[in-house]
Amino acid sequence: MLLLLLTLTSFTSTLTNANLEGDALYALRRELKDPMNVLRSWDPTLVDPCTWFHVTCDSHNRVTRLDLGNANLSGKLVPELGRLERLQYLELYRNNLVGAIPEELKGLKSLVSLDLYHNNLTGPIPSSLSFLSNLKFLRLNGNRLTGRIPRQLTRLRNLKILDVSNNDLCGTIPTSGSFYKFSEKSFENNPRLKGPELMGSVSYEIGCDVRT
Amino acid sequence: MLFPTLVLLLCFIFFPSSAYAIKSVRVIPDDQLLMEAKALLTWKASLQNYSATALHSWKLTSPTPSDYHNINTTTWASSSTTSCKWFGITCNKAGNTVVEISLPELELQGTLDNLSFSSFPNLLYLNLTSNGLTGSIPVHIGSLSKLTHLDLSNNYLSNVLPPLSNLTNLCILYLYTNELNGSIPSNMGDMENLIQLAVYQNKFSGPIPHSLVNLSKLEVVYLYDNQLSGLISPEIGHMKNLIDLDLCQNELSGPIPHSLVNLSKLELLNLFDNQLSGLIFPEIGHMENLFELYLHQNELSGQIPHSLVNLSKLEVLNLSMNQLSGPMPSEIGDIESLIILELLANKLSGQIPHSLVNLSKLEILFLSMNQLSGPVPSEIGYIKSLHKLGLSENKLSGPIPDSLVNLSKLEWLSMRTNQLSGPIPKDLGSQASIESFQLSNNLLSGSFPQKICQGSLQYLIAENNSFTGLIPDLRNCTSLLRVRLEGNLFVGNITESFGIHPHLYYIDISHNELYGELSPNWGECKNLSVLKIVGNHISGMIPPEFSQLIRLGRLDLSSNNLVGEIPKEFSRLSTLFNLNLSGNQISGHIPVEIGQLVNLESLDLSTNKLTGSIPPQLGQCSKLLLLNLGKNSFNGNIPSQIGDLLGLQEQLDLSHNSITGLIPPHLGNLKMLEILNLSHNMITGSIPLSLEGMVSLVSLDLSYNELEGVVPYNSVFKNASSPQAFRNNKGLCGELQGLSPCNQSSTSKGTKKNGHKVIITIIASLIGIVFLALAIIGIFFLLQKKTKNGNIEATGRNHGNIFSIWNFDGKIAYEDIIRATEDFDAKYCIGTGTFGSVYKAVLPTGHVVALKKFHPLEELAYTMTLTEKCDVYSFGIVTLETIMGKHPGELITYLTSQVGQNMLLRDVLDPCLTFPSDQKVAKEVVSVARIALACLRNHPQSRPTMQQVLKELLVLRPLILEHFYSITLGNLDDIEVE
């Protein structure tokens, strides 16, 4: 019995490994409930994930798009997603995702669009998203995100669309950097959000306590 | 230790008792067994009813009434014998105490909380493996001090492990496959008789207790699949009797301790999937009893020690997924016992050693994902036992050796992504055993073995080579699962190469030279989820049978010669998410049933001969990210339902059709859309203001339509549109670059406010010059147009008259103009630009000229000094505007940049006019452009004077017409200021 179990474990073949991006996506698949079977084609034994459905690769077989909006997925995002260095479009909107936005998404150096809107995500907006220097579209609206809007996000020079409306964010709205162009619409329906930051007169640090 | 047993025995003999008697007696042997029986029954009662059925025999014979009166030895003896005969219970020889409880695999459900361990002082053996026990292991298990064998494995026991150090007689401890957590108790080293320790597959964390190294009798240590961290004790070498050491799948770090070499009896060393680093110590070669060595998935570095080849009993060697570098040991063939050799995903370099040929028992050889170079040694073909050979992702070159054909047991051959070249051996892959054949991304050429499928082939992966000749005959290959042959030069008729493949789920034969028609048989490949036949010469129609492919997710038949219509039965392909039929000659309408493809994410039907209108039902395909219907012959309106496709993100392209009607305002809902192309249609009306809602737009093209009115001026349009985005429409205007301002009302209002007289006064002194130059340019173009129309006219040649005006007093000319335009009355206004309005004036000489009246200039606004250079700049603007047919807009700002300098003259010229067809006109255009550019230089000092401009106009520099098309603006900016 012991020996049998041992044999099974030890012989776990290394045949299919060293497919880092596929492994990262497969980690996501394992974490998600997928009642509509949209991830059925995600076969981890393939050399790369480029032929998996809803995954797009570039000519070097690196993942550039993940299109899983409206897919009835539930579960958590996994930190392994941050390994997809060439990912440009992370489209996971309108699902039932829960838990936090992993800090590790800062590894998505090529990301152009991060669409996580209309899920059930909680926790803060990671300030590390400010490392995504190519980010143009950041739509996190319609979740249950809490905490301040990280001021570091104003460093995202290419940001064209920002939508963090309909969350539970607090504090003030940064107005510097790329944020100057976003109207209040981008921030509406965050009952604890105090409105635009008044540079110099109101400290950024106050206004996130429930009692104040 | 003997004492209690002795007491029990004595008690049993001399103090026969009954249940009633127990209370009054201190310690008697009868008590013991009864106590144990009661303890067992108490526990049984705590288990879930249905799970205790196996314990049916566990009951005390109820004492008869006579027993109460006639308490004697016989009665108790019978009851005690009963409990000793209970299922799973074993008593000692005397039958007066329980020594063994063995209840494996009985689906017992419940906890151990109600099992009174202290009631079993004589228990030697406790086995509850493979039940459904939950909860903790109770602390009082420590009272089983005589226990030698404890097996609670394969249950759902959780929480931390209580101290077991009292169990000093324990030889066997199996707690594996539970949910125990916390650390392994540090005093486990007190269990000095322990021989086998198996606690794998739990959630133990923290370090491996150092005290374990004191357990010198230990032969088997299985701690794998936990979350143990920290180092492997450097003193592990003390455990001299160890035979199996399995610590794999933990989070152990640090080096592999050298002292392991002292474990001379060790047969299994399994450390895979940890974070061990450093070198593999060379002394490992002394562990001569090793049968299996697993060190893969760590961070080991350095070279593979040569001493490994001394491990003469080694059957399995797996060093994959480390950072090992350098060559493979050349004498690796000395380990003749090897059955499995896996070194994949390291950084091994050099050649594959020829000595491999000696590994006559080798079944699996994986060297993939290294940097191995040189040829594939032909000796590999003589390892007859080989089942699996993986050499993918190396730098191997040269041909595939013929000898591989001899590998009659080969199931798995993978040589993907190397630099292998030449033809492949004729009969390679014809082994009946072959299941997976992977040669993709090499430089292989020649024809492909036709007998590749002998009944077992599942994976045929050979894309991106240069294979020529016939595509392999797979007609009868029913075992196929996955086929990738794209990117070769295969020829052949696909109908003769494929048949019915019931298991096939993926096939890509794109980019070959295949012809023939699509067989209805494809409809029988029921498992197909991807079918790609892009870029071949497939002709005929798409068989309606395709609609039987109920698992199809991706269908790409683009760039072929398909004709006929899109079968309306396609609506049944409910799982289809990507449909690409572009670049064919498909005709007819898009079936309205397309709306049923609710999972469609990408629909590309572009470059076909589709007609009719765009079905509004497309609006039901709510998951669409990309919709390309461009380059067809669609007519009718854009259905407003397209605006329901809220997920459209990548592209909406309806360009190059004959679409009429208005742009539906509903399109403004497409807030995620990045590319919108409606160009080259016959779309009329104005641009709906609602399009401002398309906030994600990165690229917009509305050119070549019949649009008119104001282009909304906001960030969406500013960011998304190039100057070309609006060209060739009926009358679009607005503030954006490349558009003429929408004026009459607004601009003339402005002019009136400012008071045109002020402006006129400012420029009065030089208006004549401007007028003159304009006239010249106007005539150049007039000349060109007229010539084209075949109407030779004479007035244009009358330069003299026009030039004579130059000698006129500016004021006289100005008065003429004022008179001719009735003081710049709106009725003479023929257009408005950013810098001013253009008026038509018939001069007393009979000449018809166009005049531009300026708004104030920027420079003027800043300096409030009017200079001659300032006027020259205005002249430059007007000149450029005249030859461009529109206001130069932002072109001016980047004229001096690299972009502007590299811009071709021909791309700037008014697209409504034909390009100059004769040398003279070309020269004139070039001359005018040179002057315009000189006048527009950044620094007023570097601009020419009007006098110099005139001089330049008169000198036509030599030009070869062919060159005209390659002249850049940079080439033209060469006038030197005098």
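An unreviewed UniProt entry lists chain B under the name non-specific serine/threonine protein kinase, with Protea cynaroides given as the organism.

Chain A is annotated in an unreviewed UniProt entry as Leucine-rich repeat-containing N-terminal plant-type domain-containing protein of Protea cynaroides.

Let us look at the overall build of chain B. Across its full length, chain B carries 18 helices and 57 strands. Burial status across chain B gives 54% buried among its 978 residues. Put simply, of all contacts in chain B between residues at least 6 apart along the chain, 50% involve residues at least 24 apart. Surface accessibility of chain B: about 40200 Å² in total, with carbon and sulfur atoms responsible for 54%.

For the rest of this paragraph, the subject is the interface of chain A and chain B. In this assembly, 38 residues from chain A lie in contact with 54 residues from chain B. Between chain A and chain B, roughly 3500 Å² of surface is buried when both sides are summed, and carbon and sulfur atoms account for 58% of that area. For the pair chain A and chain B, the interface holds eight residue pairs in polar contact (both at pLDDT 80 or more). Mapped by element, the contributors of at least two residues to the side of chain A that touches chain B are α1 (2-10), β3 (63-67), β5 (89-91), β7 (113-115) and β9 (137-139) of chain A. Broken down by element, the side of chain A that touches chain B gets its largest block of residues, six residues, from α1(A). In terms of residue class, the side of chain A that touches chain B is built from 19 nonpolar, 10 polar and nine charged.

Our next topic: the UniProt feature "domain: Leucine-rich repeat-containing N-terminal plant-type" (unreviewed entry) in chain A. Those places that UniProt annotates as "domain: Leucine-rich repeat-containing N-terminal plant-type" (unreviewed entry) correspond, in this numbering, to residues 19-58 of chain A. Segment residues 19-58 of chain A splits into 30% helix and 12% strand. End C-alpha atoms: 15 Å apart.

Residue and element names in this part refer to chain B. Its location among the elements puts Leu-295 in the loop between β18 (292-294) and β19 (299-300). What makes Leu-295 buried here is its relative accessible area of 0%. Considering only alpha carbons, one finds Leu-295 and Gly-900, 605 residues apart in sequence, at a separation of 61 Å. Apart from residues no more than four positions distant in its own chain, Leu-295 is found in contact with Ile-256, Leu-271, Phe-272, Ile-280, Leu-300, Asn-318, Leu-319 and Asn-322.

Let's shift gears to the packing of aromatic side chains. According to the stated counting rule, one finds 17 aromatic pairs over all chains in the structure shown. Centre to centre, the rings of Phe366(B) and Trp412(B) are 5.4 Å apart; their planes meet at 65°, and the pair counts as edge-to-face. Taken as a pair, Phe366(B) in strand β24 (residues 364-366) and Trp412(B) in strand β28 (residues 412-414) lie far apart in primary sequence, 46 residues in all. Owing to a relative accessible area of 1%, Phe366(B) belongs among the buried residues under this scheme. Classification of Trp412(B) by relative accessible area gives buried; the value is 19%. Of note, Arg65(A) hangs over the ring of Tyr89(A), and the distance from its end group to the ring centre comes to 4.2 Å. The lysine or arginine in question, Arg482(B), covers the ring of Tyr506(B), its NZ or CZ lying 4.1 Å from the ring centre.

With that out of the way, let us pick up the pairing of strand β17 (residues 275-278) of chain B. All names here are of chain B. In this structure, strand β15 (residues 251-254) lies alongside β17, joined through two bridges in parallel fashion. Paired with Gly-254 across the two strands is Leu-276, which belongs to β17. Two strands pair when backbone bridges link them, and β17 and β19 are joined in this way by two bridges, in the parallel orientation. Paired with Ser-277 across the bridge in β19 is Glu-299.

Counted according to the given criterion, the structure contains three disulfides over all chains. Between the sulfur of Cys50(A) and that of Cys57(A) lies a disulfide, 2.1 Å long from S to S. In this structure the cystine formed by Cys50(A) and Cys57(A) twists about its S-S bond by roughly -90°; its chirality is therefore left-handed. Each member of the pair, Cys50(A) as well as Cys57(A), carries the same accessibility label: buried. Across the disulfide, Cys84(B) is cross-linked to Cys91(B) (sulfur-sulfur distance 2.0 Å). The S-S bond linking Cys84(B) to Cys91(B) shows a torsion near -100°; that makes this disulfide left-handed.

Now for the sheet that holds β3(A). All names here are of chain A. Read from one edge to the other, the open sheet built from six strands follows the order β2-β3-β5-β7-β9-β11, with strand pairing classed as mixed. On the outer flanks of this sheet lie β2 (55-57) and β11 (161-163), each paired with one strand and no other. For this sheet the average axis-to-axis angle between neighbouring strands, irrespective of direction, equals 15°. In this sheet, β7 lies alongside β5 in parallel orientation, the contact comprising three bridges. Counterpart to Glu-91 in the pairing with β7 is Asp-115.

Residue and element names in this part refer to chain B. Take Leu-167: it is sitting in the loop between β7 (158-160) and β8 (172-174). A sequence separation of 26 residues divides Leu-167 from Ile-141, and the C-alpha atoms of the two residues are 8.8 Å apart. When residues no more than four places from it in sequence are discounted, the contact partners of Leu-167 are Ile-141, Gly-142, Leu-144, Ser-145, Leu-150 and Met-191.

To continue, consider the pattern of salt bridges. With the rule as written, the count across this model stands at 12 salt bridges over all chains. Between Glu486(B) and Arg484(B) there is a salt bridge whose closest N-O contact spans 2.7 Å. Neither Glu486(B) nor Arg484(B) differs from the other in exposure class; each is buried. Connected via shared salt-bridge partners are Glu21(A), Arg62(A) and Glu85(A).

A few words on the confidence of the model for chain A. All names here are of chain A. For chain A, the average pLDDT comes to 85, and 84% of its residues sit at 70 or higher. Overall, residues 1-18 carries pLDDT values under 50, and its contacts beyond four positions in sequence, including any with other chains, amount to 51 contacts. When the criterion is pLDDT under 50, residues 199-206 qualifies, and its contacts beyond four places in sequence or with other chains add up to 10 contacts.

Before going further, it helps to spend a moment on the side chain of Asn493(B). Residues and elements named next belong to chain B. Mapping Asn-493 onto the fold places it in strand β35 (residues 491-493). A relative accessible area of 16% means that Asn-493 is categorised as buried. Side chain to side chain, Asn-493 and Thr-495 meet in a polar contact 2.2 Å long. Apart from residues no more than four positions distant in its own chain, Asn-493 is found in contact with Tyr-515, Gly-516 and Glu-517.

A few words on the environment of Glu179(B). All names here are of chain B. For Glu-179, the position within the fold is in strand β9 (residues 179-183). Residue Glu-179 is classed as partly exposed on the basis of its relative accessible area, which comes to 35%. Residues Glu-179 and Val-316 lie 137 residues apart in sequence; the distance between their C-alpha atoms is 31 Å.

This part takes up the sheet that holds strand β54 (residues 731-733) of chain B. Residues and elements named next belong to chain B. A sheet is described by the order of its strands in space; here three strands give the open sequence β51-β53-β54, paired in parallel fashion. Since the sheet does not close on itself, it has two edges, and those belong to β51 (684-685) and β54, each with one partner. Direction of pairing for strand β53 (residues 706-710) relative to β54: parallel, over a ladder of three bridges. Bridge pairing in β54 links Val-710 to Cys-733.

Moving on to the side chain of Ser211(B). Residues and elements named next belong to chain B. Within the secondary structure, Ser-211 sits in the loop between β11 (203-206) and β12 (220-222). What makes Ser-211 buried here is its relative accessible area of 17%. Within the local environment of Ser-211, its side chain forms a polar contact with the backbone nitrogen of Gly-189, the two atoms lying 3.2 Å apart. Setting aside anything within four residues of it in sequence, one finds Ser-211 in contact with Ser-186, Asn-187, Met-188 and Gly-189.

With that settled, consider the pairing of β53(B). Residues and elements named next belong to chain B. Across two bridges, β51 lies against β53 in parallel orientation. Bridge pairing in β53 places Gly-685 opposite Leu-707. In this fold, β53 hands off to helix α6 (residues 715-720), which returns the chain to β54; that crossover is right-handed.

Okay, helix α15 (residues 919-935) of chain B next. Residues separated by three or four positions in an α-helix point in the same direction, a consequence of the helix having 3.6 residues per turn. Across its 17 residues, α15(B) extends 24 Å between first and last C-alpha, which sits within 8% of the 24 Å expected from 1.5 Å per residue. With 14 of 17 residues buried, α15(B) lies mostly within the body of the structure.

Take unusual backbone geometry next. Positioned with a positive phi, Asn72(A) is a non-glycine residue whose angle comes to about 60°. Considering the arrangement of structural elements, one finds Asn72(A) in the loop between β3 and β4 (74-76). Unlike most non-glycine residues, Gln201(B) shows phi in positive territory, near 55°. As for its placement among the helices and strands, Gln201(B) is situated in the loop between β10 (196-198) and β11.

The rules behind the values
Residues numbered from 1 in each chain as written. Chains lettered and ligands numbered in written order. Predicted model: local features only at pLDDT ≥ 70, side-chain atom pairs only at ≥ 80, totals over all residues. Heavy atoms only, no water. Helix = DSSP H or I, 4+ residues; strand = E, 2+ residues; numbered from the N terminus. Buried < 20%, exposed > 50% of the residue type's maximum accessible area, 1.4 Å probe, protein only. Contact = heavy atoms within 4.5 Å. Areas by Shrake-Rupley, 256 points an atom, 1.4 Å probe, with all protein chains shown as cover. Buried area = accessible area lost by both parts, 1.4 Å probe. Polar contact = N/O pair within 3.5 Å; in protein donor to acceptor, adjacent residues only side chain to side chain. Nonpolar A, V, L, I, M, F, W, Y, C, P; charged D, E, K, R; others polar. UniProt positions renumbered as here; feature names shortened; annotations may be inferred. Phe/Tyr/Trp six-rings, centres within 6.5 Å; stacked < 30°, edge-to-face > 60°. Lys NZ or Arg CZ within 6 Å of the ring centre and 35° of its normal. Pairing = 2+ DSSP bridges. Disulfide = S-S within 2.5 Å. Axes fitted to C-alpha atoms, helices over the stretch in contact; angles between N-to-C directions. Salt bridge = Lys/Arg side-chain N within 4 Å of Asp/Glu carboxyl O. pLDDT = per-residue confidence, 0-100. Right-handed = clockwise from strand over helix to strand, strands pointing away. Expected span 1.5 Å × (residues − 1).

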